[in-house]
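# Coordinate analysis (summary)
This is what each chain is made of:
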Amino acid sequence: CGIFGVVGVQDAASFIALGLHALQHRGQEAGGIVTHDPQLGFNSARRFGYVRDNFTSSDIIESLPGPIGIGHVRYSTAGSKGQTAIRDVQPFFGEFAMGGAAIAHNGNITNANALRRELIERGSIFQSSSDSECIIHLMARSLQRNIPERMEDALRRVEGAFSVVAMTRTKLIGVRDPLGVRPLVLGKIGDGWCLASETCALDIIGAEFLREIEPGEMVVINADTGVESHFPFRPQPSKFCIFEHVYFSRPDSILGGRSVYETREAIGRELAKESPVEADLVCPVPDSGTPAAIGYSLESGIPYAMGIIRNQYMGRTFIEPTEQIRNMGVRLKLNVNRALIEGKRVILVDDSVVRGTTSRKIKEMILDAGAKEVHFRIASPPTAWPCFYGVDTPQREKLLAATMTEDEMTKHLAVDSLRFISLDGLYRAVGESQGRNKDCPQYCDACFSGEYPVTPADMVEQGFKM
Ligand code: 5GP
Ligand code: SF4
Ligand code: MG
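So, here's what we can say about the structure. (Residues numbered from 1 in each chain as written. Chains lettered and ligands numbered in written order. Predicted model: local features only at pLDDT ≥ 70, side-chain atom pairs only at ≥ 80, totals over all residues. Heavy atoms only, no water.)

## Observations concerning unusual backbone geometry
Quick note on the threshold: Here a helix means four or more residues in a row that DSSP labels H or I, a strand means two or more in a row labelled E, and each is numbered from the N terminus. Using a 1.4 Å probe on the protein chains alone, a residue whose accessible area is under 20% of its type maximum counts as buried, one over 50% counts as exposed, and one in between counts as partly exposed.
That bond from Gln90 to Pro91 is cis: its omega, 0 degrees, falls within 30 degrees of zero. Position of Pro91 among the secondary structure elements: in the loop between strand E4 (68-74) and strand E5 (92-94). Even without a glycine there, the phi angle at Met98 is positive, about 65 degrees. Here Met98 shows up in the loop between E5 and strand E6 (101-109). In this structure Met98 comes out as partly exposed when scored by relative accessible area, which is 32%. Non-glycine residue Ala414 carries a positive phi angle of around 55 degrees. Of note, Ala414 is situated in the loop between helix H15 (406-413) and strand E22 (417-420).

## Some words on a nonpolar patch on the surface
We count it as follows: Distance thresholds for patches are 9 Å for like charges and 5 Å for nonpolar side chains (Val, Leu, Ile, Met, Phe, Trp, Tyr), applied to residues having over 30% relative accessible area and no salt bridge. Reported accessibility uses the Shrake-Rupley method at a 1.4 Å probe radius. Residues are deemed covered only where the shown protein chains occlude them. Whenever Lys or Arg places a side-chain nitrogen within 4 Å of a carboxyl oxygen from Asp or Glu, that contact is recorded as a salt bridge.
A grouping of Tyr304, Met306 and Ile309 is seen on the molecular surface, where their side chains present a nonpolar patch of about 260 Å² in accessible area. When you line up the elements, Tyr304 lands in the loop between helix H10 (290-300) and strand E18 (308-310).

## Examining the sheet that holds strand E7 (residues 160-167)
So the rule is basically this: Only strands that DSSP links by at least two bridges are regarded as paired with each other. A fitted line through C-alpha atoms represents every axis, and for helices the fit uses only the stretch in contact; the resulting angles, taken between N-to-C directions, go from 0 to 180 degrees. Contacts are residue-level and defined by heavy atoms, with any inter-residue pair within 4.5 Å sufficient.
Spatially, six strands are ordered E5-E6-E7-E8-E12-E13 in an open sheet, and the strand pairing comes out antiparallel. Pairing within the sheet leaves two strands with one partner each, and these edge strands are E5 and strand E13 (226-230). With direction set aside, neighbouring strand axes in the sheet form an average angle of 20 degrees. Sitting on the sheet, helix H5 (residues 133-141) touches E5, E6 and E7, and the angle it makes with E6 is about 130 degrees. Where helix H6 (residues 147-156) meets the sheet, its contacts fall on E6, E7, strand E8 (171-176), strand E12 (218-222) and E13, and the angle it forms with E8 comes to roughly 20 degrees.

## Topic: the site of ligand 2
Condition: It suffices for a single heavy atom of a residue to lie within 4 Å of a molecule or strand for the residue to be listed as near it. As a working rule, the residues Ala, Val, Leu, Ile, Met, Phe, Trp, Tyr, Cys and Pro are called nonpolar, Asp, Glu, Lys and Arg charged, and the rest polar, with Gly in that last group.
By nearness alone, every residue bordering ligand 2 is listed as Val181, Arg182, Cys241, Ile242, Phe243, Cys387, Tyr389, Val391, Cys444, Asp445, Ala446 and Cys447. Listing elements by their share of the shell around ligand 2, those giving two or more residues are helix H8 (242-248) and helix H17 (446-449). Counted by class, the shell around ligand 2 contains 10 nonpolar, no polar and two charged residues.

## Considering the pattern of salt bridges
Counted according to the given criterion, the structure contains 22 salt bridges. Residue Glu149 is joined to Arg145 by a salt bridge in which the shortest nitrogen-to-oxygen separation is 3.5 Å. Classification of Glu149 by relative accessible area gives partly exposed; the value is 24%. The class of Arg145 is exposed, set by a relative accessible area of 65%. A salt bridge links Arg176 to Glu212; the nearest nitrogen and oxygen atoms lie 4.0 Å apart.

## Points about the environment of Lys239
Inclusion rule: Each polar contact in these results corresponds to two N or O atoms within 3.5 Å; when the atoms are within protein, one needs to be able to donate a hydrogen and the other to accept it, and residues that are neighboring in sequence are counted only if both atoms are side-chain atoms.
The topology assignment puts Lys239 in the loop between E13 and strand E14 (240-241). Taking relative accessible area as the criterion, Lys239 reaches 10% and is therefore assigned buried. Linking Lys239 and Leu179, residues 60 residues apart in sequence, is a C-alpha distance of 4.9 Å. Contacts of Lys239, omitting those with residues within four sequence positions, involve Leu179, Gly180, Val181, Cys440, Pro441, Gln442, Tyr443, Cys444 and Pro453. One polar contact links the side chain of Lys239 to the main-chain carbonyl oxygen of Pro441, over a distance of 2.6 Å.

See below:
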């Protein structure tokens with residue numbers, strides 16, 4: 001998901017709409033905005049679909065008045081069951097002691113089922129099926145004297161991955177979980193401040209990128225008094241999601257002081273060093289494979305070409321929640337550029353192999369177009385484990401790499417060769433020159449290594465074997 005918040009501007013809603021539009025790649029199912037105006041109180045709007053279709057008219061912006069607000073773009077993750085209901089669309093708002101609060105959450109709470117059971121037993125009335133709603137109820141029950149302290153209280157009970165943007169009537173709050181699994185950045189806009197999942201959302205509104213919120217940090221921002229910072233959790237070694245670098249973030253964002261684009265290009269260079277092959281062309285599977293393909297081409301000296309053309313009017317296929325839609329998606333989205341491919345030995349670079357359905361169809365399309373050889377090079381290690389921290393991966397049985405070796409996958413996809421970047425190579429590409437520290441990995445890489453930095457309690461309860 002993508003989250004955004006702003007305080008100390010005129011018409012917060014228009015800034016939020018723009019910020020969410022820049023974060024649309026993080027969630028395309030639905031979006032929502034909550035604002036507060038001193039005279040008119042809290043207002044909210046939640047809609048299915050794209051930000052540009054829902055939050056750009058002057059009617060909707062005028063219905064969300066005030067100098068402070070937050071917003072969310074949603075895509076459903078591991079915990080959610082099928083189609084999103086409008087009641088599951090964030091931000092969540094709750095009125096309780098001291099005027100209430102609204103929150104927007106990116107990540108996934110791994111003990112949400114247990115918390116929900118306990119809260120319901122004690123009388124909480126849930127409005128949605130979302131894991132994130134637990135935070136509001138925990139805040140409402142807290143005995144602390146102010147909302148930021150109630151939020152600290154609530155978040156200390158929550159396990160898993162959370163970057164949160166929240167608001168009271170006058171304060172904008174930003175928090176990252178102690179591992180810092182999901183990103184969150186702080187920006188300055190005129191006399192105001194903003195918080196966003198990624199720096200690309202600061203660029204669009206002309207805000208200055210000040211810094212990342214630290215893992216385990218809570219910032220409380222007041223338009224008049226500025227930014228206060230606390231560290232309410234027990235400090236732990238950070239575990240930023242390495243897959244944000246590979247796929248999830250936008251290539252024009254800055255993560256951990258590094259350009260995501262440059263990281264992806266470096267991944268492609270590592271791949272070319274680790275798994276060279278003789279060929280005529282390097283083609284990306286667009287758009288997610290593009291920077292890595294450019295890196296592969298630069299390192300290998302094999303010409304780069306756009307052998308597959310993407311229809312720009314389709315979203316990211318994997319973000320569609322049902323398998324049926326996803327299967328159709330490949331053809332709706334990608335087409336082979338026959339004139340370039342015919343008679344050529346082609347290296348295809350993609351970011352990941354998950355179920356293998358995309359890769360299989362792309363290979364068929366490339367062969368139909370007359371390619372002589374097809375070599376897959378993948379910018380991440382084999383995805384063998386599901387993510388429980390906010391990226392939508394299928395159950396373990398559906399992951400190709402969970403049941404097959406690299407050789408078996410090569411046969412299954414019927415390609416001339418298939419190679420994945422090594423875990424160490426990936427760490428080098430994200431800037432860890434010594435590679436992965438086995439005793440304490442510098443990132444979360446659970447979907448590749450099976451080493452989960454937080455026990456996914458709800459899943460273990462449902463029989464998941466780590
Ligand atoms: P596959 O055919 O292996 O399921 O899909 C791989 C391709 O689709 C990659 O290009 C990747 O960007 C995207 N993709 C498809 N499904 C998923 C998914 O469930 N999770 C992630 N992270 N990426 C996916
Ligand atoms: Fe990111 Fe993978 Fe960890 Fe999920 S399991 S947070 S996708 S690295
Ligand atoms: Mg892709």
